[in-house]
Amino acid sequence: MAQVAHRVIGSSVPRKEDPELVTGQARYTEDLAVPGMLWMGVVRSPFAHAKINGVDLSAALQMPGVVAAFSGQDLAEDWTGPLLMAWPVTEDINNPPHWPLAKDKVRHQGDGVAVVIAETRAAAEDAVEAVDVDYDPLPVVVDMEAALADGAPLVHDEFGTNRCYTWAHTNGDVEKTFAEAPVVVKERYVIQRQVPNAIEPRAVLCQPNPSMGDFTLWTSTQIPHIVKVAMTLGTGIPESKIRVIAPKVGGGFGSKLQVYAEEMLALALAKRLGRPVKWVETRSENYLATHHGRDQIQEMELAADEDGKILGFRAKIMVNMGAYLMIITPGTPLLGAWLYCGCYGGQAYGIEFTGVFTNTTPTDAYRGAGRPEATYAIERTVDALARRVGKDPQEIRRMNFLPPSTESFPIPSGLTADSGDYAATFDEALRLIGYDRVRKEQRARRDAGDTKLLGVGFSTYLEMCGLAPSRILSALRYAAGGWDAARVRVLPTGKVVVNIGTTPHGQSHVTTFSQIVAEDLGVGVDDIEVVWGDTEMSPLGMDTYGSRSLAVGGVAVHRAAQRIVEKARKIAAHELEVAEDDLDYEAGTFSVKGAPDKAKTIPALAFSAWTAHDLPDGTEPGLDETAVYDPENFVWPYGAHVCVVEVDTETGEVRVVQYAAVDDVGTVINPQIVDGQVTGGVIQGIAEALYEEAVYDENGTLMTSSMANYAIPAASEMPSISLGRLETPSTSNELGVKGVGETGTIASPPAVVNAVIDALSHLGVTQMDRPATPERVWKAIRGAKGGAT
Ligand code: MCN
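Residues numbered from 1 in each chain as written. Predicted model: local features only at pLDDT ≥ 70, side-chain atom pairs only at ≥ 80, totals over all residues. Heavy atoms only, no water.

The next thing to look at is empty space enclosed by the protein. For the structure shown, the criterion picks out 5 cavities of 30 Å³ or more. Volume-wise, the largest cavity comes out at about 190 Å³. Forming the boundary of the largest cavity are 18 residues, of which His98, His108, Asp111, Ala261 and Ala289 lie nearest the centre. Listed by contribution, the elements that provide at least two residues to the lining of the largest cavity are strand E1 (38-44) and helix H7 (261-273). Of the residues forming the lining of the largest cavity, the biggest block, 3 residues, is contributed by H7. In this model, the second largest cavity occupies a volume close to 50 Å³. In terms of lining residues, the second largest cavity is bounded by Arg294, Gln296, Val319, Thr329, Thr332, Pro333, Thr363, Asp364 and Glu373. (1 Å grid on protein atoms, 1.4 Å probe; cavity = no way out; pocket = protein on both sides within 12 Å on 5 of 7 lines; lining within 4 Å. Points joined across faces, edges and corners; volume = space filled by probe spheres on them. Helix = DSSP H or I, 4+ residues; strand = E, 2+ residues; numbered from the N terminus.)

Laid out in structure tokens, this is it:
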């Protein structure tokens, strides 16, 4: 039965996506097969840096089932441009061309050198092994500081340096503030590199359609619309001849916000061979060839008065680009550039990023992208300031919070945030955790000499997301816009079709966008079909990343639905023979004021609009409206996360025993989906704080190249999370919504590490690198006790 339409925003409507997923009916790119399909295998470099003397494909070409094989040089003429890099953050950035296959040099382990095409996947994989590449290994640099030192091996000779760019931003008089401040704390943090591990590795299938002279590219991506533009730029095939489809996508977390070599290769080879070409990434390839995340060295400073009142923020940050610049590699840190002040007041703000090339897999967006790094820096350093001035970390936060506001207000970094009450979320998180009880238990264990110590850590964060407005993105030299689009059609039978420009890959847009339309048009959520992920069906869109889908795309959906209501009102007034002003509208029904039985519903009006037998003069037939929305501001979720850990002083093992997350994401469309997003995000952040770390040896070999040695958390390691919420409507859009997709990952890592330090603070531990592995924690305990490590 159709659900009651009004009040549908704010209710936990069951996910419309689930039946297909849980019954195994959903089709991912890997599930797709088309007649005549060939398989592609990619030959990858075992070296992090080497000259390619030659690529011998002859043995591979002799193997059964092999149809073709090509080196980077063989395909050089197929490209009209390199892989897309869309964010040249400064005018003088060093931006090396990045081709789908290396031609003369490889620059990171896993760099593609050649491809083989075969009748089956197994034949392609065997043939990859048979390709003989003659390499001359070159000196390697993996460490950012070493890469900037004189005489370091150069990743790109033509630049004469491994410095990619330096970008800086200030607000207020930073030098003076720091020179005159009675207290300055300075901390150094290493934000370790991470490997995104979506459940579904990447996959591509490209089918040429000879009758039309066009190509269909199915790809496991977050950004089909952007991939389409990039394919045209890279291959010269006109956009009108390329259709990109993202079928079901099994997670991305930023790693599929990318244009990958394999997408360009599948398209170019389908064109060359006139046959469909498919490639599916193995998990090992995922570790080497899907972009990595994070990897910064931060120097973070706070200037304050003797009481701990913050006066200024200053950060100097080195960011590892890896070997090439991918779609937003240089811009990723800038997404956090305004958040090194967190949700605190202050008069001066200065930030500088230096991008550095190394012989490692390129980095790019990973859930939170720039904002978890900023939040980590400020939330750790606020604790350091509390230690310095002898205050409780709780107190230092409260005295520095920005004042509560339901209006937009400026923050120290110079942007305008939209609304919030920072102390209120903090109070609620402390209540959920049972703060006083935890502190009592902490003291009791310490007093009893227990080897399992408790620690409490805070993270009171401010996020900026909903990436748009286009004019700010342009000021930051980002190459694309930030708008999004939706088309809403009410069909003659009253069913509704909504074409959206965002591309969900686990975020439930089908459900939540149905809720918005159900609320607007008074139809049941099950009477609405949401169509996405296909550039032919939803030609206008900017896709899904930066927690933008609801705050930008969802608002476009709402606007298109409102246009339907406006047009339907005209037709209703005409049919009921009253003025438009004489109509009430509620839950999909127009009724004459004072005569409620004289009424017309949206489905009935859709039928009238379709027959067009008696429309008001000048009215076009049909109820079919499109809206394109480019917001005036970002949206600014915030909240307070409190983590309780238990640290085993004998083994150094850390276990999260309690976790409370109280977030304000504005108006909530679907509470259950929001809770799911927060929970998943927090778990991802706990893993970042305690387990995950990509480690290279000095030869540039990735030592953590599989799930056997790259620790991904299992359910058994995770706590249950207490969730709370405040709902302060965003002032940036008429739905009042803020994003939620990244909040948990942005907030949680400093809460966890602050908790570990808190557990050991009475021993003199003040510093902890991340991830806080048992070895690091054990060494910190031994070091603090003055014992040998
Ligand atoms: N929502 C809501 N009310 C709000 C805010 C959001 O009901 N006030 C709903 C939205 O309507 C949407 C979902 O919550 O259904 C997430 O919305 P939003 O915050 O707009 O984020 P996006 O849909 O743009 O998703 C992107 C974000 C990012 S950037 C990463 S990375 C991420 C994430 O979402 N990757 C994910 N969540 C993920 N979840 C899954 N399962 N898989 C991923 O790869």
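The next point concerns helix H17 (residues 671-690). Taking 1.5 Å per residue, 20 residues should reach 28 Å; H17 reaches 28 Å between its end C-alpha atoms and fits that length. Across the 20 residues that make up H17, a large majority, 14, are buried. A side-chain oxygen of the first residue of H17 lies 3.1 Å from the backbone nitrogen of glutamine 672; this N-cap is asparagine 670. (Expected span 1.5 Å × (residues − 1). Buried < 20%, exposed > 50% of the residue type's maximum accessible area, 1.4 Å probe, protein only. Polar contact = N/O pair within 3.5 Å; in protein donor to acceptor, adjacent residues only side chain to side chain.)

Two numbers describe how helix H9 (residues 371-389) lies on helix H10 (residues 393-400): the axes approach to 9 Å, and their chain directions differ by 110°. Our classification of the angle between H9 and H10 gives roughly perpendicular. Residue-level inspection shows Glu379, Val382, Asp383, Leu385, Ala386 and Val389 of H9 in contact with H10, the latter providing Pro393, Ile396 and Arg397. The class makeup of the residues in the contact of H9 with H10 is 6 nonpolar, no polar and 3 charged. (Axes fitted to C-alpha atoms, helices over the stretch in contact; angles between N-to-C directions. Parallel < 35°, antiparallel > 145°, perpendicular 65-115°, else oblique. Contact = heavy atoms within 4.5 Å. Nonpolar A, V, L, I, M, F, W, Y, C, P; charged D, E, K, R; others polar.)

Glancing now at the packing of aromatic side chains. A complete count under the given rule lists 18 aromatic pairs for this structure. Centre to centre, the rings of phenylalanine 313 and tyrosine 349 are 6.1 Å apart; their planes meet at 50°, and the pair counts as tilted. With phenylalanine 313 in strand E14 (residues 310-322) and tyrosine 349 in strand E15 (residues 348-357), the pair connects residues that are 36 residues apart, well separated along the chain. One aromatic cluster is present, formed by Tyr344, Phe401, Tyr422, Phe426, Tyr435, Phe458 and Tyr638 through successive ring pairs. Lying across the ring of phenylalanine 178, arginine 314 places its NZ or CZ 4.2 Å from the centre. A cation sits over an aromatic face here: arginine 548 above tyrosine 545, 5.2 Å from the ring centre. (Phe/Tyr/Trp six-rings, centres within 6.5 Å; stacked < 30°, edge-to-face > 60°. Lys NZ or Arg CZ within 6 Å of the ring centre and 35° of its normal.)

Looking now at the sheet that holds E14. Within the open sheet, the 5 strands sit side by side as E7-E15-E14-E13-E8. Their pairing is mixed. The strands lining the two open edges of the sheet, one partner per strand, are strand E7 (163-171) and strand E8 (183-194). Averaged over all adjacent pairs, the angle separating strand axes in this sheet is 10°, with direction ignored. One ladder, built from 11 bridges, connects E8 with strand E13 (residues 293-304); its direction is antiparallel. Residue pairing for E13: valine 190 is matched across the bridge by isoleucine 297. (Pairing = 2+ DSSP bridges.)

What follows covers the nonpolar core. Trp167, Tyr340, Phe353, Tyr659, Leu760 and Met768 are the most contacted members of the largest nonpolar core, which totals 157 residues. Counting 50 residues, the second largest nonpolar core, distinct from the first, contains Ile500, Val517, Leu623 and Ile669. (Core = buried A, V, L, I, M, F, W, Y, C linked by side-chain atoms within 4.5 Å.)

Right, let's talk about helix H18 (residues 743-760) for a bit. Taking 1.5 Å per residue as the helical rise, H18 with its 18 residues ought to reach 26 Å, and the 27 Å between its terminal C-alpha atoms agrees with that figure. Along H18, 18 of the 18 residues are buried, which leaves the element largely enclosed by surrounding structure.

For the rest of this paragraph, the subject is the environment of valine 89. Mapped onto the secondary structure, valine 89 falls in the loop between strand E3 (66-71) and strand E4 (105-106). For the pair formed by valine 89 and isoleucine 328, sequence separation is 239 residues and the distance between their alpha carbons is 9.3 Å. Valine 89 has contacts with Tyr165, Trp167, Pro330, Gly331, Leu334, Leu476 and Arg477, leaving out every residue within four places of it along the chain.

Right, let's talk about the sheet that holds strand E20 (residues 496-500) for a bit. Taken in spatial order, the 4 strands make up an open sheet running E21-E20-E19-E25, and their pairing is mixed. Two strands in the sheet have a free side with no partner beyond their single neighbour: strand E21 (528-531) and strand E25 (623-629). Adjacent strand axes in the sheet meet at a mean angle of 15° when their direction is disregarded. By the bridge criterion, 5 bridges tie strand E19 (residues 484-490) to E20 in an arrangement that is antiparallel.

For the rest of this paragraph, the subject is the side chain of glutamine 207. Tracing the backbone shows glutamine 207 in strand E9 (residues 203-209). For glutamine 207, a relative accessible area of 18% translates into the label buried. In this structure glutamine 207 touches Val34, Asp214, Phe215, Thr216, Trp218 and Pro276, once residues within four positions along its chain are discounted.

This part covers the pairing of strand E12 (residues 277-280). Residues of E12 alternate between two faces, with Val277 and Trp279 on one and Lys278 and Val280 on the opposite face, all of them buried. Sheet analysis places E1 next to E12, joined by 2 bridges and oriented parallel. Each bridged residue has a counterpart across the sheet, and for tryptophan 39 the counterpart in E12 is lysine 278. Of the pairings in the sheet, the one linking E9 to E12 comprises 4 bridges and is antiparallel in character. Of the residues in E12, the one forming a bridge with cysteine 206 is valine 277.

Take unusual backbone geometry next. In this model, alanine 468 is joined to proline 469 through a cis peptide bond whose omega is 0°. Summarising the element assignment, proline 469 is placed in the loop between strand E18 (452-462) and helix H13 (470-475). Of note in this structure, arginine 477 is not a glycine but carries a positive phi near 70°. Considering the arrangement of structural elements, one finds arginine 477 in the loop between H13 and E19. One non-glycine residue with positive phi stands out, namely aspartate 543, at about 75°. Locating aspartate 543 in the fold gives a position in the loop between E21 and helix H15 (549-576). Under the relative-accessibility criterion, aspartate 543 is labelled buried at 0%.

Attention now moves to the site of the ligand. Lining the immediate environment of the ligand, one finds 31 residues, of which Gln507, His509, Ser549, Gln677 and Val740 sit closest. One nitrogen or oxygen atom from the main chain of histidine 505 is found 3.4 Å from a nitrogen atom belonging to the ligand. A distance of 3.2 Å separates an oxygen atom of the ligand from a polar backbone atom of arginine 548. Taking 830 Å² as the accessible area of the ligand by itself, protein coverage stands at 95%. Going through the elements one at a time, helix H14 (509-521), H15 and H17 are the ones with two or more residues in the shell around the ligand. With 3 residues, the single largest contributor to the shell around the ligand is H17. Looking at the shell around the ligand residue by residue, the classes come out as 9 nonpolar, 18 polar and 4 charged. (Near = heavy atom within 4 Å. Areas by Shrake-Rupley, 256 points an atom, 1.4 Å probe, with all protein chains shown as cover.)

These figures come from the coordinates and say nothing about function on their own.
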